[in-house]
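Working through the structure, step by step
Residue strings, one per chain:
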Amino acid sequence: MTKLILVGVIAISGSMIVGIGNQFSQANQLDQKIEQAKAEKEVAEKQKESLTQQVELLQSDEYIAKLARSEYYLSKTGEIIFSTPNDTAEHKAQQAKEEVEQGETVVKVTTQNR
């Protein structure tokens, strides 16, 4: 009879240990999912901030004009626009943004005299 009780206690103890191990495993998986969600949230917040800045800049006529001139080479009457190696779209957009933020009105063009 005592052997039967001992086997029963061991079986119940083993079952509890396996259950606790499964709970720890699930808790670890949930912790990993939480960390991943936090990282995704941080990326999304940075994207939102960037997009909000872009929306604000695009509401500025001065920024739109500079962007159109640098991105699409639109010029004023009598101007000739020269492209340089640093004229990548990203570089030009960033430069136009910085100029608008600093209140600069520098436009890199050359006027043709006729």
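No experiment lies behind these values; they were computed from the predicted model shown. (Residues numbered from 1 in each chain as written. Predicted model: local features only at pLDDT ≥ 70, side-chain atom pairs only at ≥ 80, totals over all residues. Heavy atoms only, no water.)

1. As for the overall build of the chain
- The number of helices and strands found in the chain is three helices and two strands.
- Put simply, the chain runs from its N terminus to its C terminus through helices and strands in the order α-α-β-α-β.
- Looking at the chain as a whole, 11% of its 114 residues are labelled buried.
- Look at the contacts in the chain between residues 6 or more apart in sequence, and 63% of them connect residues 24 or more apart.
- In the structure as shown, the chain presents an accessible area of about 9600 Å², 58% of it carried by carbon and sulfur atoms. (Helix = DSSP H or I, 4+ residues; strand = E, 2+ residues; numbered from the N terminus. Buried < 20%, exposed > 50% of the residue type's maximum accessible area, 1.4 Å probe, protein only. Contact = heavy atoms within 4.5 Å. Areas by Shrake-Rupley, 256 points an atom, 1.4 Å probe, with all protein chains shown as cover.)

2. Section: helix α2 (residues 61-71)
- The complete set of buried residues in α2 reads Tyr63, Lys66, Leu67, Ala68, Arg69 and Ser70.
- Of the residues flanking the end of α2, it is Tyr73, one or two places downstream, whose phi is positive at about 55 degrees.

3. Quick notes on the pattern of salt bridges
- Tallied over the entire structure, the rule returns two salt bridges.
- Ionic pairing is found between Glu45 and Lys41, a salt bridge with its closest N-O pair at 3.9 Å. You can see Glu45 and its partner Lys41 sitting in helix α1 (residues 2-58), four residues apart, about one turn around the helix.
- When its relative accessible area of 45% is taken as the criterion, Glu45 is described as partly exposed. (Salt bridge = Lys/Arg side-chain N within 4 Å of Asp/Glu carboxyl O.)

4. Quick notes on the confidence of the model for the chain
- Of the residues in the chain, 81% have a pLDDT of 70 or more, and the chain-wide mean is 80.
- Within the chain, α1 carries the highest mean pLDDT (90), whereas strand β2 (residues 110-111) carries the lowest (41).
- Note on residues 105-114: pLDDT is under 50 here. Beyond four places in sequence and across chains, it has 17 contacts. (pLDDT = per-residue confidence, 0-100.)

5. Some words on the nonpolar core
- Counting residues in each nonpolar core, the largest one holds five residues, listed as Leu57, Tyr63, Leu67, Ala96 and Val100.
- Elements with a minimum of two residues in this core: α2 and α3 (89-102).
- Among residues more than four places away in sequence, those in contact with Val100 are Leu57, Ser60, Glu62, Tyr63 and Lys66. (Core = buried A, V, L, I, M, F, W, Y, C linked by side-chain atoms within 4.5 Å.)

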